[in-house]
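Structural description and commentary
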Amino acid sequence: PYNYPNPFAPRNTSTRIVPNITKSAAIKIRIYNFNSEEVAHIQQAAFGSADTIEWDGKDSSGRILADGIYFAKLTATDGTEIAVKHVKIAISTK
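The notes below deal with the structure included here. (Residues numbered from 1 in each chain as written. Predicted model: local features only at pLDDT ≥ 70, side-chain atom pairs only at ≥ 80, totals over all residues. Heavy atoms only, no water.)

1. Things to note about the environment of phenylalanine 71
Position of phenylalanine 71 among the secondary structure elements: in strand β6 (residues 68–77). Judged by its relative accessible area of 32%, phenylalanine 71 is partly exposed. For the pair phenylalanine 71 and isoleucine 42, spaced 29 residues apart in the sequence, the C-alpha separation amounts to 13 Å. Those residues in contact with phenylalanine 71 that sit more than four places away from it in its chain are Arg30, Ile31, Tyr32, Asn33, Phe34, Val87 and Lys88. (Helix = DSSP H or I, 4+ residues; strand = E, 2+ residues; numbered from the N terminus. Buried < 20%, exposed > 50% of the residue type's maximum accessible area, 1.4 Å probe, protein only. Contact = heavy atoms within 4.5 Å.)

2. Quick look at the pairing of strand β3 (residues 25–32)
What you see with β3 is a clean split: Ala25, Ile27, Ile29 and Ile31 sit on the buried side and Ala26, Lys28, Arg30 and Tyr32 on the side with no burial. Direction of pairing for β3 relative to strand β4 (residues 38–47): antiparallel, over a ladder of seven bridges. Paired with alanine 25 across the strands is phenylalanine 47, a residue of β4. What sits between the antiparallel neighbours β3 and β4 is a turn of five residues, in which serine 36 has the positive phi angle 65 degrees. Here β3 runs beside β6; their pairing, made up of seven bridges, is antiparallel. (Pairing = 2+ DSSP bridges.)

3. Notes on the sheet that holds β6
Read from one edge of the open sheet, four strands run β4-β3-β6-β7, paired in antiparallel fashion. The open sheet has two edge strands, β4 and β7 (82–91), and neither has a second partner. The sheet shows a mean angle of 20 degrees between the axes of neighbouring strands, taken without regard to direction. (Axes fitted to C-alpha atoms, helices over the stretch in contact; angles between N-to-C directions.)

4. Topic: the sheet that holds strand β1 (residues 2–4)
The strands that make up a sheet pair up through hydrogen bonds in the backbone, lying either parallel or antiparallel. The strand order across the open sheet built from three strands is β1-β2-β5, with neighbouring strands paired in antiparallel fashion. The open sheet is flanked by β1 and β5 (53–55), the only strands paired with a single partner. In this sheet, adjacent strand axes meet at a mean angle of 30 degrees when their direction is disregarded. Pairing between strand β2 (residues 15–18) and β5: three bridges, direction antiparallel. Residue arginine 16 lies in a different strand from β5, and its bridge partner there is glutamate 54.

Structural measurements only, silent on function.
Put into structure tokens, the structure is as follows:
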């Protein structure tokens, strides 16, 4: 998986996460800070192999996160298989 743009500035834009899955699945994304604390989560019930997921750089309370490195844990399930992938996301307002 990957995201673009990376880094991104949440005050001006969002980033798109591309899971690179081969078939339709339900996707759950959890965003963690450098201290391994969960700061945000995204769920998408139906997700096709060509779809992307947009993240605005905000935490679960709607606040814009500080500059830094964040880690996204993607969990995809199609009902029979579960796949877990990771992607590094940078937030920079400079």
